[in-house]
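# Summary of the model geometry
Here is what each chain is made of, one letter per residue.
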Amino acid sequence: MQKQLRIFALARVCADTYEREYNKADKERKDAWNDLKQNFLKGSPKFIKYRDSIEPEFQSKIQKAREKVTAEFEAEYEELRKTEIDRVKSISSSSEKIMDILGRLENIPISVDEFNYLAEQYGNYGYWTDRYLASIGQKNGMQECDIQPDITTKLSVLEELKSNLYGYFDKYKNDNSYSSDVLVADVTFQRLEKRYTNNYAGISLNGKESGKRIALEGLNKMDELERSMYLANALNTATPEVQEGILLELVKNHQEIVDNPNIRLAGISKAMENFKETEYKGMCKAEQVIKKIKGESREYEQKTIIYNNLEDKHFIDAVTQSEDDNLKKLVKHMREVKKAGEEKEQREAAQSGNMTE
């Protein structure tokens, strides 16, 4: 379920990112207008040329920012939409067995407590098991039950989330307008998430996602001193996982701030440089290893690559955070193979020692 809920966190991050890029472009536009008034002769060819370039350049910057975050959101949206539709199309053998069990209870009066225990035991095994449970609940007069909603409801929520985010892009003007802010307010996303899950599971950001959100909030501060203080305080008070999320976002997507005097004075530049050397390079290498594994068609070669990287902390972390179940199974298998091999070597060494005695 957490994989499905990630899109709500991503929508928040996309809104924050667009806001930051818009504000940056807007400040550059205002600086350009001031520069025009102070340093160009009004009516001169240079004045006219510079004047006519200011607004198109601003529009180009915010359009590029919008296209970047839209592409990221759209990819997640389409993948999740496909996942939900595929769930409707699929009935596994385990789902069939559960539906067979539930079918035997169809004509038996069921209390709320009994239903809740059933939902706890058999809920979320598949789309049609959830629909079957919901049907049993309705037959027994339950107006609300904590079972995932039907596909129509879920697709409607995803469409509304997308519409809200894109509407925010259309309306945002760096003026704290209620009409735009309400579209991406936390309470709005929480309402949509509640409908999407029907209270089946709560949405929560993991540490790295929280760190990314904090980094973007800090970078959105227009005053440089306020920005550096915000980021420094966040790094000094966050948990290790959130710290990693903050630094990962800064090093990966905002390396240009490292030379800013306020950022350097606050100790953020040093933290970024240390993270880049000790963690980020290892993370990038792990990504390349995983890409190599996925690009290898022969399972033997895949296992060899995995075996050679089992001692790499960054590789194991990347696999753990991956959503590729097949990769996780392969890595788990190879860890068991390696453990068995080491235990065998230890037994043989012990036996060899006993023989020499």
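About the thresholds
Residues numbered from 1 in each chain as written. Predicted model: local features only at pLDDT ≥ 70, side-chain atom pairs only at ≥ 80, totals over all residues. Heavy atoms only, no water. Helix = DSSP H or I, 4+ residues; strand = E, 2+ residues; numbered from the N terminus. Rg over C-alpha atoms; globule rule 2.2 N^0.38 Å. Buried < 20%, exposed > 50% of the residue type's maximum accessible area, 1.4 Å probe, protein only. Areas by Shrake-Rupley, 256 points an atom, 1.4 Å probe, with all protein chains shown as cover. Lys, Arg positive; Asp, Glu negative; His and termini not counted. Charge placed at Lys NZ, Arg CZ, Asp CG, Glu CD. Core = buried A, V, L, I, M, F, W, Y, C linked by side-chain atoms within 4.5 Å. Contact = heavy atoms within 4.5 Å. Expected span 1.5 Å × (residues − 1). Arc of directions from axis to C-beta. Axes fitted to C-alpha atoms, helices over the stretch in contact; angles between N-to-C directions. Parallel < 35°, antiparallel > 145°, perpendicular 65-115°, else oblique. Nonpolar A, V, L, I, M, F, W, Y, C, P; charged D, E, K, R; others polar. Polar contact = N/O pair within 3.5 Å; in protein donor to acceptor, adjacent residues only side chain to side chain. Salt bridge = Lys/Arg side-chain N within 4 Å of Asp/Glu carboxyl O.

## What about the overall build of the protein?
Across its full length, the protein holds 16 helices and 0 strands. For the protein, the C-alpha radius of gyration of 27 Å lies well beyond 21 Å, the compact-globule estimate for 357 residues. The principal-axis extents of the C-alpha atoms in the protein amount to approximately 90 × 75 × 40 Å. Here the protein holds 357 residues, and 39% of them are scored as buried. Of the accessible surface of the protein, which amounts to about 21200 Å², a share of 50% is contributed by carbon and sulfur atoms. In the protein, 57 side chains carry a positive charge and 64 a negative one; their mean positions are 4 Å apart.

## What to know about the nonpolar core
Within the largest apolar cluster, 30 residues are counted, with the highest numbers of intra-cluster contacts made by Ile7, Phe8, Tyr18, Phe73, Leu161 and Leu165. Here this core takes 10 residues from helix α1 (residues 2-39), the largest share from any one element. Here Phe73 is in contact with Ile7, Leu10, Ala11, Cys14, Leu161, Lys162, Leu165 and Tyr166, once residues within four sequence places are set aside.

## Here's the deal with helix α10 (residues 224-237)
The first and last C-alpha atoms of α10 sit 20 Å apart over 14 residues, in line with the 20 Å expected at 1.5 Å per residue. For α10, the complete set of buried residues consists of Arg227, Ser228, Leu231, Ala232, Ala234 and Leu235. The arc that holds every buried residue of α10, seen down its axis, measures 160°, which confines them to one face. Among the exposed residues of α10, those oriented more than 90 degrees off its buried face are Leu225, Asn236 and Thr237. On its buried face, α10 is in contact with α9 (207-219), α11 (240-253), α12 (261-265) and α13 (268-295).

## A word on the packing of α11 against α13
With their axes 9 Å apart at the nearest point, α11 and α13 run at an angle of 90° to one another. The orientation of α11 with respect to α13, classified from their angle, is roughly perpendicular. Contacts between α11 and α13 pair Glu244, Leu247, Leu248, Leu250, Val251 and Lys252 from the former with Ile268, Ala271, Met272, Phe275, Lys276, Tyr280 and Met283 from the latter. Considering only residue class, the contact of α11 with α13 consists of 10 nonpolar, no polar and 3 charged.

## Some words on the side chain of Asn23
You can see Asn23 is positioned in helix α1. One polar contact links Asn23 to Tyr172, side chain to side chain, over a distance of 2.7 Å.

## Details of the environment of Lys221
Structurally, Lys221 can be placed in the loop between α9 and α10. Counting along the chain gives 75 residues from Lys221 to Glu296, while the straight-line C-alpha distance between them is 45 Å. The residues touching Lys221, leaving out its near neighbours within four places in the chain, are Glu226, Arg227 and Tyr230.

## Here we look at the pattern of salt bridges
Under the defined criterion, the tally for this structure stands at 29 salt bridges. Between Arg51 and Asp52 there is a salt bridge, and its shortest N-O distance comes to 3.1 Å. On the accessibility criterion, Asp52 (46% relative accessible area) is partly exposed. Glu160 is paired through a salt bridge with Arg191; the nearest N and O atoms lie 3.1 Å apart. You can see Glu160 sitting in helix α6 (residues 151-171) and its partner Arg191 sitting in helix α8 (residues 186-197), a full 31 residues away along the chain.

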